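Each chain, written out:
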Amino acid sequence: MGVVVKKVDLTWLDRTYLWPIAKGMFITLKHFLKQTLTPTQKRLTVQYPDMKRPVLDGYRGLHELKRNEDNSVKCVACFMCAEACPARCITIEAEEFGDLNMLQGLAEKRPASFQIDMLRCIFCGMCQEACPKDAIWLRKNYELSCQSRAEMQLDKFNLMNTYTEKDGSERVVPEPVLKTSNNQPG
Amino acid sequence: MSDSFTFLGMDLIPTVWMLVKILAVFAGVMSLAAVLTWAERKGAALIQDRIGPNRAKIIGNIRLFGIFHLMGDGLKLIFKEDLVPRHVTQSLFWIAPLLAFVPAMMGFAIIPFGQSFEWSGYTLHMSVIDPGNGMGMLYPMAIASLAVYGILTASWASNNKWSMLSGMRGTANMISYEISFSLAVIAVFLQVGAYDPHEIIAAQSGIWNVVRQPLGFLLFFICAFAETNRLPFDFAEGESEIVAGFLTEFSGMKLGLLWLSEYVHMVTVSALMVTLYFGGWQVPFVADPGPLLSFIAFAAKLLFFCWLFIWVRWTLPRFRYDQLMSIGWKVLLPVGFANLLFYAWLIHQGIA
């Protein structure tokens, strides 16, 4: 079935082309002036490396293995996250440890190694939901590029320190405000 | 005349001044054309509510609204592999960028970019070709028509259907609008009674020609877009229809020259517009502005018209080919004749 296209009857003013063109020129001039006079911070474009958008609550970014008060890892190597993971990217090896010795029979479990293959991870957050100890969190770091595939295999040490600065303080990533470098061009 | 400026009995001052003028005009037009490529990108971005080029920086963090992108563009074009496809006509393929670029540069030679001035007994003119040369404004009109050959040669040498189509369209476009273009200029010649740019500018010391001949200016203005192959008449380059037209097979600095020639054309046609209709270097309400002020006035007007070209480009879509032809032959040509006859009649009656 064909569509009947209604032919627009141009007025004599439109037929000169000049008046519509003048209107169009006025519109583009308005946009030009508006965009020129708007400071960079207020423009729609967020110039990414210099400026960052605030990350929303509930964003699922890079994982962190949480610690106890005494800085030991919270994870008890129960394998729930590895089971829940639809991408099968978590590999855990468990080990026993305890303040008491083996003869006394009181041992606890912890991961000897905890590996996440970030190339497989789909950031679904299932591991976080499955974890009975609240030991694995998906937080807000989304800048995860690397130079090689090997770097994307994060182990226990990496995962415990994904949100830690070198001096041990908490790394806040990314800034939830629009920040610009001081020499930001228009 | 002093004796200190002679060499083997020849007077050196005119020669030196000529060299200075040639260098200044060449360097000025070239760099203005280069800056216009940046202005085009930035202007387009701002009109479309984007940011545009701003990442290139030199000496630490100096960015200056991305103006260094044009240096980056130039470097890239020069160092890029200059690919010559096997199926092209080699000789023409190499000549074509020059054929496009040289006429574009030549046109500016006649334009006075400032008021002539006296200096130690010499009258120094601020145009490469001195007044009273007998060709006047006919020269840039003739040179402007040569630009057709650049496009035609480039498209023919490319040996490619889309390029050929583009060459045909571009040629038809430029030839059709050439006539109305000239008719508009002839009306100015009639009005002034001379076709030397210096005399045309001198005649506009009171009222600019655009006030006397608004219709003629409009005609000239529309045809200027067709002559420079700019939107809404960029039929040689219709990206959506014929790839990049005559530019398709070119790469490296050949492409750069073809691109640059478009911007040089823009500068030349803007200069023509300023000279013919906007009083050239005349400053409103200043009878005798002197070389510096007159040059600034000329440059300001020139830049405005260059910006107008960019502004129009990012406002209008391309015309359809049949629309182009009907506007050119059925509207602009009769209007051009009517305009010419009207002013001829006015002059005959002694009114204008």
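Note that the structure is a prediction, hence the values are computed from the model and not measured.

Peer 1: Explain the overall build of chain B residue by residue, including any values.
Peer 2: Looking only at helices and strands, chain B has 12 helices and 4 strands in total. Its C-alpha atoms give chain B a radius of gyration of 21 Å, within 12% of the compact-globule value 20 Å for 352 residues. Viewed in the frame of its principal axes, chain B has a C-alpha envelope of about 60 × 55 × 45 Å. Here chain B holds 352 residues, and the buried ones make up 44% of them. Considering only contacts within chain B whose residues lie at least 6 apart along the sequence, 76% involve residues at least 24 apart.

Peer 1: Report on the overall build of chain A, specifying residues and quantitative values.
Peer 2: For chain A, the helix and strand inventory stands at 5 helices and 5 strands. Taken from the N to the C terminus, the helices and strands of chain A come in the order α-α-β-α-β-β-α-β-β-α. Relative to its 186 residues, chain A shows a buried fraction of 13%. Considering only residue pairs separated by 6 or more positions, chain A has 70% of its internal contacts joining residues 24 or more positions apart.

Peer 1: How would you sum up the pairing of strand E3 (residues 108-117) of chain A? Please name residues and give values.
Peer 2: Residue and element names in this part refer to chain A. Of the strand pairs in this sheet, strand E2 (residues 90-97) and E3 are connected by 8 bridges, and their pairing is antiparallel. Within E3, the residue paired with Glu93 across the bridge is Ser113. Looking at chain direction, E3 and strand E5 (residues 153-154) are connected through 2 bridges and run antiparallel. Each bridged residue has a counterpart across the sheet, and for Asp117 the counterpart in E5 is Gln153.

Peer 1: Which residues make up the sheet that holds E3 of chain A, and what values do they have?
Peer 2: The sheet built from 3 strands is open, its strands ordered E2-E3-E5 (chain A) with antiparallel pairing. Whereas interior strands pair on both sides, the edge strands pair on one side only; in this sheet they are E2 and E5 of chain A.

Peer 1: Please give an account of the interface of chain B and chain A that cites residues and values.
Peer 2: The accessible area lost on association of the parts is a frequent measure of interface size. Taken together, the contacts link 15 residues of chain B with 15 residues of chain A. At the level of elements, helix H1 (13-47) and helix H11 (290-313) of chain B are the ones that each hand at least two residues to the side of chain B that touches chain A. The class makeup of the residues in the side of chain B that touches chain A is 8 nonpolar, 4 polar and 3 charged.

Peer 1: Provide a residue-level description of the nonpolar core, including the pertinent values.
Peer 2: Where a protein is soluble and globular, its nonpolar side chains tend to be buried together. In terms of nonpolar packing, the biggest core is built from 84 residues, with Ala100, Val185, Phe220, Cys223, Val264, Val267 and Met273 of chain B touching the most fellow members. Listed in part, the 17 residues of the second largest apolar core include Leu65, Ala77, Met80 and Ile116 of chain A.

Peer 1: Kindly report on the packing of helix H3 (residues 90-106) of chain B against helix H10 (residues 252-277) of chain B, identifying the contributing residues and their values.
Peer 2: Residue and element names in this part refer to chain B. At a minimum axis separation of 8 Å, H3 and H10 run at an interaxial angle of 25°. Considered as vectors, H3 and H10 are oriented roughly parallel to each other. Along this stretch, H3 crosses H10, giving a crossing that reads as left-handed. Between H3 and H10, the residues in contact are Pro97, Ala100, Phe101, Ala104 and Met105 and Lys254, Leu257, Leu258, Leu260, Ser261, Val264, His265 and Thr268, respectively. Partitioning the contact of H3 with H10 into residue classes produces 9 nonpolar, 3 polar and 1 charged.

Peer 1: Quick rundown of the packing of H1 of chain B against helix H2 (residues 69-79) of chain B? Include the residues and the values.
Peer 2: All names here are of chain B. For the pair H1 and H2, interaxial distance at closest approach is 9 Å and the crossing angle is 110°. What the angle tells us is that H1 and H2 run roughly perpendicular. Considering only the axes of H1 and H2, their crossing is right-handed. On the side of H1, the interface is formed by Ala34, Val35, Thr37 and Trp38, while H2 contributes His69, Leu70, Asp73 and Gly74.

Peer 1: Got a sec to walk through the confidence of the model for chain A? Specific residues and values, please.
Peer 2: Residue and element names in this part refer to chain A. Averaged over every residue, the pLDDT of chain A is 81; the share at 70 or more is 85%. Per-residue pLDDT, averaged within each element of chain A, yields its smallest value for helix H1 (residues 12-15) (84) and its largest for helix H4 (residues 126-130) (92). Throughout residues 174-186 the model reports pLDDT below 50, and contacts reaching past four residues in sequence, or to other chains, amount to 26 contacts.

Peer 1: Go over the confidence of the model for chain B with me, naming the residues and quoting the values.
Peer 2: Across chain B, the average pLDDT comes to 86, with 97% of residues at 70 or higher. ipTM for the predicted complex: 0.81, alongside a pTM of 0.80.

Peer 1: So what's going on with the environment of Gly52 of chain B? Which residues, and what values?
Peer 2: Residues and elements named next belong to chain B. Position of Gly52 among the secondary structure elements: in the loop between H1 and H2. Each C-alpha atom, one on Gly52 and one on Leu324, is 31 Å from the other, the two residues being 272 residues apart in sequence. Excluding residues within four positions of it along the chain, Gly52 makes contact with Arg41, Lys42, Ala45, Leu46 and Gly66.

Peer 1: Please provide a residue-by-residue account of the environment of Phe309 of chain B, values included.
Peer 2: All names here are of chain B. Relative to the elements of secondary structure, Phe309 occurs in helix H11. The class for Phe309 is buried, based on 25 C-beta atoms found within 10 Å. Sequence-distant contacts of Phe309, defined by excluding residues within four places in its chain, comprise Arg230, Met266 and Ser270.

Peer 1: Tell me about unusual backbone geometry, and please be specific about residues and values.
Peer 2: Residues and elements named next belong to chain B. Omega for the bond connecting Leu231 with Pro232 falls within 30 degrees of zero, at 0°, which places this linkage in the cis form. Counting through the fold element by element, Pro232 comes out in the loop between helix H8 (214-227) and helix H9 (239-242). Even without a glycine there, the phi angle at Asn229 is positive, about 60°. In this structure, Asn229 sits in the loop between H8 and H9. The class of Asn229 is buried, set by 25 C-beta atoms lying within 10 Å.

Peer 1: Let's hear about helix H2 (residues 18-37) of chain A: which residues, and what values?
Peer 2: Its 20 residues place the ends of H2 of chain A 28 Å apart at the C-alpha level, agreeing with the 28 Å of an ideal helix rising 1.5 Å per residue. Among the residues making up H2 of chain A, those that are buried are Thr28, Phe32 and Gln35 of chain A. Viewed along the axis of H2 of chain A, the buried residues span an arc of 70°, placing them on a single side of the element. Exposed positions of H2 of chain A whose direction lies more than 90 degrees from the buried face are Ala22, Lys23, Phe26, Ile27, Lys30, Leu33, Lys34 and Leu37 of chain A. Packing partners of the buried residues in H2 of chain A comprise H1 and H11 of chain B.

Peer 1: Quick one: what's the story with helix H4 (residues 138-158) of chain B, residue by residue and with numbers?
Peer 2: If you check H4 of chain B, its first and last C-alpha atoms are 32 Å apart, about what 21 residues at 1.5 Å a residue would give, namely 30 Å. Of the residues one or two after H4 of chain B, Asn159 of chain B is the one with positive phi, at around 55°.

Conventions and cut-offs
- Residues numbered from 1 in each chain as written.
- Chains lettered and ligands numbered in written order.
- Predicted model: local features only at pLDDT ≥ 70, side-chain atom pairs only at ≥ 80, totals over all residues.
- Helix = DSSP H or I, 4+ residues; strand = E, 2+ residues; numbered from the N terminus.
- Rg over C-alpha atoms; globule rule 2.2 N^0.38 Å.
- Buried ≥ 20, exposed ≤ 12 C-beta atoms within 10 Å, placed from the backbone.
- Contact = placed C-beta atoms within 7 Å.
- Pairing = 2+ DSSP bridges.
- Nonpolar A, V, L, I, M, F, W, Y, C, P; charged D, E, K, R; others polar.
- Core = buried A, V, L, I, M, F, W, Y, C linked by C-beta atoms within 7 Å.
- Axes fitted to C-alpha atoms, helices over the stretch in contact; angles between N-to-C directions.
- Parallel < 35°, antiparallel > 145°, perpendicular 65-115°, else oblique.
- Left-handed = near helix turned anticlockwise from the far one by under 90°.
- pLDDT = per-residue confidence, 0-100.
- Expected span 1.5 Å × (residues − 1).
- Arc of directions from axis to C-beta.

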